Amino acid sequence: MSQYAVGLCEILVDEFFGECCSEIASILLRHGRMNLSMLLKRTNLPAPKIRQALASLMQHHMVSFVTAIEQLREVTYYEAQWQEMYNLIRKGKDVYSVSLKLNQETASIAKYVSTQGRARVQDVYSAFGKSPDGTDEESRMLQQNITDLIYLKYLVVVQPRHLIPVGDQEMQLRIKFLEQRKSENVSEIKKNREVNDSVALEMARLQSSDMAENQGLIRKPKDSIPRPAKRKRRNATTSSMTGDLNEILDDENSILLPDPAAHVRVNRAKFSFLARNQRLVYWAERRIGKTTAIVYSHLLAILESKFVGSPSPATVLTITTMELTRNFPKDIDIESCFAKSSNVRKPPAKAALDQLDELEMEEQEEEDEDYEENIDDESNSKSKVLVQHLELLADTALKFITRVGNRGMGEWKIDFAYLTNMLRAVEFENILDEKLGDRATRLLRIIKDKGKIEEKQLANMALLRQKDLRTVLQSMAEMGALELQEVPRSSDRAPSKTFYLWFHRSERAYSIFLDQLYEVIAKMFHRLRDERAQRSQLIDKAERIDIKGKEEEYLQKFEQAELKRLRSYEEKLLLQASRLDELILIFRDE
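As the structure is a prediction and not an experimental result, all values here were calculated from the model. (Residues numbered from 1 in each chain as written. Predicted model: local features only at pLDDT ≥ 70, side-chain atom pairs only at ≥ 80, totals over all residues. Heavy atoms only, no water.)

Bringing the packing of aromatic side chains into the picture now. All told, the structure shown has eleven aromatic pairs when counted by the stated rule. Members of the aromatic cluster, each reached through a chain of ring pairs, are F428, Y510, F513 and F587. Above the face of the Y154 ring, K270 is positioned so that its terminal group lies 5.2 Å from the ring centre. (Phe/Tyr/Trp six-rings, centres within 6.5 Å; stacked < 30°, edge-to-face > 60°. Lys NZ or Arg CZ within 6 Å of the ring centre and 35° of its normal.)

This is the structure we're talking about:
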């Protein structure tokens, strides 16, 4: 990880947990895994303070640990998880996303679990003043909300291995499989290859078990559970995604409820997946139009309901047009955005009125007979319009979806690995266009298409003069978007006898861009801290119990104005940091 990411993580931990935890996190981030005695040497903090800080960080999974046998005694090593530290910046977004997808009550539960790091389900009930065995309507509603969060994997069950670093888990499995194959008479190369495959399969199995449908839920007899009152959903799509408890039943006699003994935490991968889907909808609206973007958002929402967790990058999902038609809301107009043919001959006004009267009489007489046929015609008409929108999504250069068959009036594929790479490329070109202009974007596309190209050839293809080209290429190289390779034509490597080839490496370019984003966000938080330090006395006064909420009564006018100016400044900086975080979410590998 980069030094800028380390600095940003230190600031975030200090902002949420204080100086003691920030100091421990900083030492682990900069010096790697350590045991307690090593931490005592690196810091001036007493051992009890270090233990408390480690416990707090482990509660939020920002520090993991592994126990090893050294000199016939157990030694525990601690390792920082910088991704979890950085995720502190997204806590508010995750809660807001739950409130949009489900309702405000479930968002309150997610907020409590996020604040605690991880929490036992029994403690969640206690925090809201309820009991798992409560029979009143509020207890049943709380139970239903917790069930929805766990079932849809907004919350995941914490396993003991989640506190062990992934590298150590793989090492333990590798030792286990090597011990099992110790007696096999095969070459070491073949044995290591088979062991590595076994380790990868076992790690994949463990990860899939975390996303099991019934993980964190227990089965109870249906007759012993009072039926909860049905709650209002936000929209038709959300209703089809979540449903009530009766939609989670496996049989007629039992029902799935939260396990009070289970420990749960917020599933960051789920929210990253939802955020990337929102960004895909944004680009669909920008490239095609608002109505087609609405169709695309509902398509992605239906695919979300098929996945209890968040799909891996290699996941490919399919959906048919008829399936989308059945789940698409009826109150959304998707037809008026298409231009209709104007060469249709219109009948005279009197004939049209007579024809309308006859049609109304026929419809009245045959209403019962043709009811189902009319529904089918309406569904087919809607499906044809949806096919037009889906074809627009498939025919665009970004290829949001791909047609793979004709089943159900058209079968469409969503390739998340391709969409993730496409989203990164589009966002990077957009940033390049904002920084250096459309000329830089055009040059980048040519270089990506040709691989490696000389400056003279690039000038001919881009229809630009070399002297105009050189400045843009140099700026792109400083930004990290381009690299230069020297290919000498002679052994003395004379500049006049050397080819200079420009090329683009996306992984390196994205990595440099990520470092720049981390640096900018860290500077924002530094600036915010300095602004608060300059007005520390005013902030302390405004946060007094007797003044909080009554600022207009107890604070002078210039103090009110200064406090308002500070809050406005904080809002602008945090909003900008949130926007940059959306880019980090796209470019960072989860």
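Before going further, it helps to spend a moment on the nonpolar core. In this structure, Y296 and L299 are the most contacted members of the largest nonpolar core, which totals 130 residues. If you tally residues by element for this core, the top one is helix 22 (residues 506-534), at eleven residues. In this view, Y296 contacts L280, V281, A284, L393, F400, I401 and L419; residues no more than four positions away in its chain are not counted. (Core = buried A, V, L, I, M, F, W, Y, C linked by side-chain atoms within 4.5 Å. Buried < 20%, exposed > 50% of the residue type's maximum accessible area, 1.4 Å probe, protein only. Helix = DSSP H or I, 4+ residues; strand = E, 2+ residues; numbered from the N terminus. Contact = heavy atoms within 4.5 Å.)

Time to look at the packing of helix 7 (residues 104-116) against helix 9 (residues 137-151). The interhelical angle for the contact between helix 7 and helix 9, taken along N-to-C directions, is 70 degrees, at an axis separation of 10 Å. Taken together, the axis directions place helix 7 and helix 9 in an arrangement best described as roughly perpendicular. Seen from above, helix 7 lies across helix 9 with right-handed handedness. On helix 9, the residues touching E105, T106, I109 and A110 of helix 7 are L142, N145, I146 and L149. (Axes fitted to C-alpha atoms, helices over the stretch in contact; angles between N-to-C directions. Parallel < 35°, antiparallel > 145°, perpendicular 65-115°, else oblique. Left-handed = near helix turned anticlockwise from the far one by under 90°.)

The next thing to look at is the sheet that holds strand 7 (residues 263-266). Read across the sheet, three strands follow the order 3-7-4 without closing on themselves; strand pairing throughout is antiparallel. Only two strands of the sheet have a single partner each, and these edge strands are strand 3 (118-120) and strand 4 (155-157). Mean inter-strand twist for the sheet, computed between neighbouring axes without regard to direction, equals 35 degrees. Inspection of the sheet shows strand 4 paired to strand 7 by three bridges, in the antiparallel sense. Within strand 7, the position partnered with V156 by the bridge is R265. (Pairing = 2+ DSSP bridges.)

Here we take up the pairing of strand 13 (residues 498-503). The pairing of strand 11 (residues 452-454) with strand 13 spans three bridges and is antiparallel. Paired with K452 across the bridge in strand 13 is F503. Bridge analysis of strand 12 (residues 483-488) against strand 13 gives six bridges, and the strand direction is antiparallel. By the bridge assignment for strand 13, V487 is matched with F499.

This part covers the environment of E304. With respect to the helices and strands, E304 occurs in helix 14 (residues 290-306). Assessed through its relative accessible area of 5%, E304 is described here as buried. Separated by 30 residues in the primary sequence, E304 and L274 have C-alpha atoms spaced 8.4 Å apart.

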